[in-house]
Amino acid sequence: MKPVKYSKYNESENQVTDEKIYRDRRQVLKSLGFVGASSILAPYAHGIDWFSSNKKTFETSPLKYQAASSIADTLTPEAKVISHNNFYEFGTAKNDPAENAQSFKVDPWTLEISGECEKPITLNYDDLFTTFDLQERIYRFRCVEAWSMVIPWIGFQLSELLKKVQPTSRAKYVAFETLFDPQQMPGQKSRRIGGGIDYPYVEGLRIDEAQNPLTLLSVGLYGKTLPPQNGAPIRLVVPWKYGFKSIKSIVKIKLVEKMPPTTWNILAPNEYGFYANVNPQVDHPRWSQASERRITTGGLLARNRVATLPFNGYGEQVAHLYKSMDLRKFY
Amino acid sequence: MSNQHKIWLLKLIIHLFSMGLISLTYFNALNDNLGADPVEAVLHFTGIGAINLLLLSLVISPLVRQWKLSWLMQVRRLLGLYAFFYALCHVLSFWAFEIQFNVSLFFEEIIERPYITVGLVSFMLLMALAITSWSKIKRKMGKSWQKLHNWVYLAITLAVIHFYWSVKSDLTEPLIYFIILVVLLSFRKNKFIRK
Ligand code: HEM
């Protein structure tokens, strides 16, 4: 893989158009009633969309940040990063969030940081972008479903936020919570659309994981604020853990003493643990985690299967956190 | 329209529909125009397509019995063969594009993942049915042909189980298929009870 300069990807007009084409093509298949039973009943509704396909898309705005210099991995094109998402609050198919989240309101927003800390604070929408200096981080992102992307995130270290609120000695874990707003999130209104999950989505980290310099609170990607399907206005990014740990559209961060409950662990404890570190040695009960398909460019013929690395290749920075732990038991 | 014409027309529609959709899907997937992950899209399309076609083929004989449309019987084999063709594309796509020709990983997956094992059994059954659907073989087999082809009920049931099992959490769609399957099988309850 050749190193890629970030600037090459900065102009994204084409990519946005690409994305529309992707969606339209999928729409064609759906219209023909072959992708899923539910869509068999809806060819007419899709037909209507199809001719007036000027649905409003969410507007992102450019950010000021310190750019990452260059990287060794090929980036996943922006059009793919923003059209292939697991965000069940907006539907369970990968393209559902991009289709259903475009009218999501992110401003005003409040992010409350509380619990076991000296100086709890509440950040409003503008604070998310101005309280800390923003920097770009290009991370590999590995989904538990054995696909991965390489994404230029923009954000700040969670550790900076924690420093600001001053955790007490009782703060052993950090708990996160996604917005609960069934009016805006169809998956929270209907169990069918939301994949049978009990919302709000919750996640958690051990405090030392949260303080690791790699752990990012992201407010943007590809130079601009996050689109809603990627977790606007603020989301977590923990690059050495499976993607479901990187909780989206966060409204609450709480420092706590006991290990907090986490959504996928509640749903299927034998399949998803609290730690969820990327680990090629520990398979998901239904599929292998030894390798993954890296989503970049190229269609069906792209030879994109690569070996999965322990801690998603970030072992040097994080392996010490788990030194005396049996990672087969604490998956 | 004479029955011969109706058969001819319906067959034409089945050919155009089945070949058209799958060609369009692979064409777009090859050109990276099928969402961010064309491999997943192709697996879903061919998997669901195979099940849809199998279910369609199972609708035929209840329709024939109910409405005395005996000419419809003539298109059942074509639907069954297309179902097998879609399943074949599904399995080959899994091997070529998902596993990417890694033979040991392929066998590992088949052995270690129960949902894939179930898919494979379903696929082998469909293959046996497809091969023996040839008229010459059918005639040679006589009565045992019907016996063999009754295995289609197991094949479709396993396929729906495989579908159900492959899903992470949203079980609505496979459940809808289960219900359709149960309804179709209930038309044939005599067949299961007699033995
Ligand atoms: C050796 C045989 C088979 C293998 C290796 C196989 C493999 C797979 C895999 C890996 C998936 C998951 C795709 C994903 O979610 O990304 C899948 C899903 C599926 N397969 Fe198969 N399969 C086999 C046989 C069959 C057969 C015979 C049928 C139908 C007659 C079938 C129908 C389906 C369906 C309907 C899905 C679900 C698609 C969706 O979630 O939209 N499979 N299969």
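Under an unreviewed UniProt entry, the name given to chain B is Protein-methionine-sulfoxide reductase heme-binding subunit MsrQ, and the source organism is Thalassotalea marina. Word for word, the UniProt comment on chain B under Subunit (unreviewed entry) is "Heterodimer of a catalytic subunit (MsrP) and a heme-binding subunit (MsrQ)."

Labelled according to an unreviewed UniProt entry, chain A appears under the name Protein-methionine-sulfoxide reductase catalytic subunit MsrP, originating from Thalassotalea marina. The Subunit (unreviewed entry) field of the UniProt record for chain A holds the comment "Heterodimer of a catalytic subunit (MsrP) and a heme-binding subunit (MsrQ)."

On average, residues of chain B score 91 in pLDDT, and 98% of them are at 70 or above. Model confidence for the complex is summarised by a pTM of 0.81, with the ipTM given as 0.76.

Another aspect to go through is helix α4 (residues 103-112) of chain B. Those residues of α4(B) that fall on the buried side of the exposure criterion are Leu105(B), Phe106(B), Glu109(B) and Ile110(B). Around the axis of α4(B), the buried residues are gathered within 135° of arc, so they sit on the same side. Every exposed residue of α4(B) that faces more than 90 degrees away from the buried side is listed here: Ser104(B) and Ile111(B). Looking at the buried side of α4(B), the elements it contacts are β13 (291-294) and β14 (305-307) of chain A together with α3 (76-98) and α5 (114-131) of chain B.

Moving on to the UniProt feature "domain: Oxidoreductase molybdopterin-binding" (unreviewed entry) in chain A. In this structure's numbering, the residues bearing the UniProt feature "domain: Oxidoreductase molybdopterin-binding" (unreviewed entry) are residues 104-264 of chain A. For residues 104-264 of chain A, the helix share is 16%, the strand share is 36%, and the end-to-end C-alpha distance is 24 Å.

What counts, and where the lines are drawn
- Residues numbered from 1 in each chain as written.
- Chains lettered and ligands numbered in written order.
- Predicted model: local features only at pLDDT ≥ 70, side-chain atom pairs only at ≥ 80, totals over all residues.
- Heavy atoms only, no water.
- UniProt positions renumbered as here; feature names shortened; annotations may be inferred.
- pLDDT = per-residue confidence, 0-100.
- Buried < 20%, exposed > 50% of the residue type's maximum accessible area, 1.4 Å probe, protein only.
- Helix = DSSP H or I, 4+ residues; strand = E, 2+ residues; numbered from the N terminus.
- Arc of directions from axis to C-beta.
- Contact = heavy atoms within 4.5 Å.

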